[in-house]
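In case you want the letters, here they are:
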Amino acid sequence: MKKNERGIIDAAEDLGVPLEIIPLQELKAQDTHSFSDFVNEKFGVGSVCEAAALKSAGTGSRLVIRKTTSSGVAVAVAVSGTPKTF
């Protein structure tokens, strides 16, 4: 749903990090702390950014920054006990 957003692509390039696209089905299977009725109605998942952060961080991940929004952008940060190599 967000894979073609120019702002996300540009941010990944500017930060020098790979852009990881997580399939919607995997986001739906991820438990999140935050829940948005609007996001759930639109995408079928309560929090896209938290689900994506947790899924990307891998097994044993935990949120260190819950969903935070500013200027229409939502972000969340998760870490895992298992380091991920790129």
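What comes next concerns the included structure. (Residues numbered from 1 in each chain as written. Predicted model: local features only at pLDDT ≥ 70, side-chain atom pairs only at ≥ 80, totals over all residues. Heavy atoms only, no water.)

### Some thoughts on unusual backbone geometry
Leaving glycine out, the prevailing phi sign among residues is negative, and the prevailing peptide bond configuration is trans. With a phi close to 55°, serine 71 is a non-glycine residue in the positive phi region. Position of serine 71 relative to the elements: it lies in the loop between β1 (62-70) and β2 (73-79). Overall, the relative accessible area of 76% leaves serine 71 in the exposed class. (Helix = DSSP H or I, 4+ residues; strand = E, 2+ residues; numbered from the N terminus. Buried < 20%, exposed > 50% of the residue type's maximum accessible area, 1.4 Å probe, protein only.)

### Looking at the pairing of β1
Bridge analysis of β1 against β2 gives six bridges, and the strand direction is antiparallel. Each bridged residue has a counterpart across the sheet, and for threonine 68 the counterpart in β2 is valine 75. Here β1 hands over to β2 after two residues, with serine 71 in that stretch at a positive phi of 55°. (Pairing = 2+ DSSP bridges.)

### Focus on a nonpolar patch on the surface
Together, Val64, Ile65, Val77 and Val79 make up an exposed nonpolar region whose accessible area comes to about 270 Å². Only β1 and β2 provide two or more residues apiece to the nonpolar patch. Assessed through its relative accessible area of 35%, valine 79 is described here as partly exposed. (Patch = residues over 30% accessible without salt bridge, like charges linked within 9 Å, V, L, I, M, F, W, Y side chains within 5 Å. Areas by Shrake-Rupley, 256 points an atom, 1.4 Å probe, with all protein chains shown as cover. Salt bridge = Lys/Arg side-chain N within 4 Å of Asp/Glu carboxyl O.)

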